[in-house]
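Here's the letter readout for the chains.
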Amino acid sequence: MVTSEGIKRLAKQLGADLCGIASMDRFEGAPIQQDPRQIFPDAKSCIVLAFRIPRGYFRGIEEGTYFAPYTAMGYAGINEVYGPIVLREICCYLEDNGWEACPIFPNPSELGPQGVSVAEGRPAPNVYPDFDYAAVAAGLCTISYNRIPFSKEFGSRQRFHMIITDAELPSTPLMEESVCNSCRACADACPLGAISK
């Protein structure tokens, strides 16, 4: 029998650092091009995984001496290698237990349509769900003052992946308190002044 706790335990055994679950009704009102229900209308649950980006990946960037760890391992490695392996194992586990599971690659939701709609009233390909919103809906984080997801465990240092499934799993409770205290240190630290106080 597939349970929320079983999925969370499996995700962590496979290497995810955080796992939360959102019922699909938490996506009610999402823009059609970002609504995961458009990809899999029978889906009942959205499983969101977070993979932390170790603090040391940024050390050489801060010193201006070594830029490879974040781009190679903290971005591409998590998005294109490590995360998909974990997603595949969870999808196989769900299918082995009689459910369907659709992995969603973390493309930016801002990409927008890349084709034409196949029928009137349907979104154009590709539908790109908002991973930041999904992480909040799955109880993993809140949105900070500078509009990025913050988890209690890793702050802003994680990447998200998701699976939508027709397995009906209880949702993780939403976080009630913001992780960000709106201190605006992000605005002070931004070298381009892109974050307004």
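1. Details of the sheet that holds strand S1 (residues 18-23)
Sheet strands associate in pairs through backbone hydrogen bonding, adopting either a parallel or an antiparallel arrangement.
Link 1 in the chain: Strand order in the open sheet made by the 4 strands is S1-S2-S6-S3, with antiparallel pairing throughout. In this open sheet, the two edge strands, each paired with only one partner strand, are S1 and strand S3 (101-104). Each adjacent strand pair in this sheet contributes to an overall mean axis angle of 25 degrees, direction not counted.
Link 2 in the chain: Sheet topology places S1 next to strand S2 (residues 45-52); 6 bridges connect them, and they run antiparallel. Across the sheet, Leu18 pairs through a bridge with Ala50, a residue of S2.
Link 3 in the chain: Taken strand by strand, helix H1 (residues 4-14) contacts S1 and S2, and its axis lies near 145 degrees from that of S1.

2. What to know about the side chain of His161
Link 1 in the chain: Here His161 shows up in strand S6 (residues 158-165).
Link 2 in the chain: A polar atom in the side chain of His161 sits 3.3 Å from the backbone oxygen of Ile78.
Link 3 in the chain: If we skip the residues at most four places from it in the chain, His161 touches Ile47, Val48, Leu49, Phe51, Ile78, Asn79, Gly83, Pro84, Leu87, Pro106 and Phe131.

What counts as what
Residues numbered from 1 in each chain as written. Predicted model: local features only at pLDDT ≥ 70, side-chain atom pairs only at ≥ 80, totals over all residues. Heavy atoms only, no water. Pairing = 2+ DSSP bridges. Helix = DSSP H or I, 4+ residues; strand = E, 2+ residues; numbered from the N terminus. Axes fitted to C-alpha atoms, helices over the stretch in contact; angles between N-to-C directions. Contact = heavy atoms within 4.5 Å. Polar contact = N/O pair within 3.5 Å; in protein donor to acceptor, adjacent residues only side chain to side chain.

Shape descriptors only; they carry no functional weight alone.
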